[in-house]
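An overview of the molecular structure
Here's the letter readout for the chains.
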Amino acid sequence: MSAKQLTFAVPKGRILDEALPVMARAGIEPEAGFHDKSNRALSFGTNRADMRIIRVRAFDVATFVAHGAAQIGIVGSDVVEEFDYSDLYAPVDLDIGHCRLSVAEPAQGADAIDGASHLRVATKYPNLTRRHFEERGIQAECVKLNGAMELAPSLGLSGRIVDLVSTGQTLRDNGLVETSRILDISARLIVNRAALKTDPRVGELVEAFRADAARRQAA
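Going by the annotation in an unreviewed UniProt entry, the name recorded for the chain is ATP phosphoribosyltransferase, with Qipengyuania oceanensis given as the source organism. What UniProt records for the chain under Subunit (unreviewed entry) is the sentence "Heteromultimer composed of HisG and HisZ subunits." As stated in UniProt under Function (unreviewed entry), the record for the chain gives "Catalyzes the condensation of ATP and 5-phosphoribose 1-diphosphate to form N'-(5'-phosphoribosyl)-ATP (PR-ATP). Has a crucial role in the pathway because the rate of histidine biosynthesis seems to be controlled primarily by regulation of HisG enzymatic activity."

In this structure, Phe-8, Met-23, Ile-28, Ile-74, Leu-94, Leu-189 and Phe-209 are the most contacted members of the largest nonpolar core, which totals 29 residues. Beyond its immediate chain neighbours, meaning those up to four positions away, Met-23 contacts Phe-8, Val-10, Ile-28, Ile-53, Ile-74 and Phe-209. In terms of nonpolar packing, the next biggest core, distinct from the first, is built from 28 residues, Ala-9, Val-75, Val-162 and Ile-190 among them.

Turning our attention to the packing of helix α1 (residues 16-25) against helix α8 (residues 200-218). Axis separation between α1 and α8 bottoms out at 9 Å; the angle between their running directions is 110°. Judged by the angle between their axes, α1 and α8 are roughly perpendicular. Read as a crossing pair, α1 and α8 show a hand that is right-handed. Contact with α1, carried on its side by Val-22, Met-23 and Arg-25, involves Phe-209, Asp-212 and Arg-216 of α8 and no other residues of that element. Looking at side-chain class alone, the contact of α1 with α8 contains three nonpolar, no polar and three charged residues.

Per the stated rule, a full pass over the model turns up five aromatic pairs. When the ring of Phe-59 is compared with that of Phe-83, the centres are 5.1 Å apart and the planes differ by 85°; the resulting orientation is edge-to-face. In this pair, Phe-59 is assigned in helix α2 (residues 58-66) and Phe-83 in helix α3 (residues 77-83), connecting sequence segments 24 residues apart. Under the relative-accessibility criterion, Phe-59 is labelled buried at 16%. Taken together, the aromatic side chains of Phe-59, Phe-83, Tyr-85 and Tyr-125 make up a single cluster linked through ring pairs.

Within the sequence span of α2, burial applies to Phe-59, Val-61, Ala-62, Val-65 and Ala-66. Projected down its long axis, α2 shows its buried positions confined to an angular sector of 155°, all on one face. For α2, the elements touching its buried residues are β1 (6-11), β3 (51-56), β4 (72-76), α3, β5 (88-93) and β11 (187-192). Immediately beyond the C-terminal end of α2, within one or two residues, lies Gly-68, with a positive phi of roughly 85°.

Rules used in this analysis
- Residues numbered from 1 in each chain as written.
- Predicted model: local features only at pLDDT ≥ 70, side-chain atom pairs only at ≥ 80, totals over all residues.
- Heavy atoms only, no water.
- UniProt positions renumbered as here; feature names shortened; annotations may be inferred.
- Core = buried A, V, L, I, M, F, W, Y, C linked by side-chain atoms within 4.5 Å.
- Buried < 20%, exposed > 50% of the residue type's maximum accessible area, 1.4 Å probe, protein only.
- Contact = heavy atoms within 4.5 Å.
- Axes fitted to C-alpha atoms, helices over the stretch in contact; angles between N-to-C directions.
- Helix = DSSP H or I, 4+ residues; strand = E, 2+ residues; numbered from the N terminus.
- Parallel < 35°, antiparallel > 145°, perpendicular 65-115°, else oblique.
- Left-handed = near helix turned anticlockwise from the far one by under 90°.
- Nonpolar A, V, L, I, M, F, W, Y, C, P; charged D, E, K, R; others polar.
- Phe/Tyr/Trp six-rings, centres within 6.5 Å; stacked < 30°, edge-to-face > 60°.
- Arc of directions from axis to C-beta.

Structure (structure tokens):
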């Protein structure tokens, strides 16, 4: 097992720029071509001969790691909570990539939620959305979208959305207001459970990331 090349999965988008310095402190640096924004490659070498990096969509990071195609990765806790894979272990909160998963509706008001038994919600987080509204006695009909969520209420696709929020500016620009918070989010180191048990390199990496997180929290 020790001769097999490790695959480290990282997400495209908002977390990656914050993740790279954390990875470097844990001893992992991608090859120069990784930083070329015009490079459409998905797999890259690293400063470690026994490791490559794959750069994929955030939801796919969790899928690759859960199924063992990648042994380790970084992804937001929103993805971990949405999928809840049994083969996925998230041992380290990296304290980066902070945002929140929230419910938003048109600023001029959507249908009242009080007394409602059914709502239509646009989101790419159907599991977290259904659980959130079920706790309030409401059945959420989730319309799955992977982007442009803010358009859904104005086009009559849904009365509300559930999406990631950082500053809230995108909501305001599209006439929406945040009405409730479902989940506070930060990036997590994730590992495949079987790989953690069978490959000592995975455990060593977990400890390196954990030590770095502890140093930053103590600073």
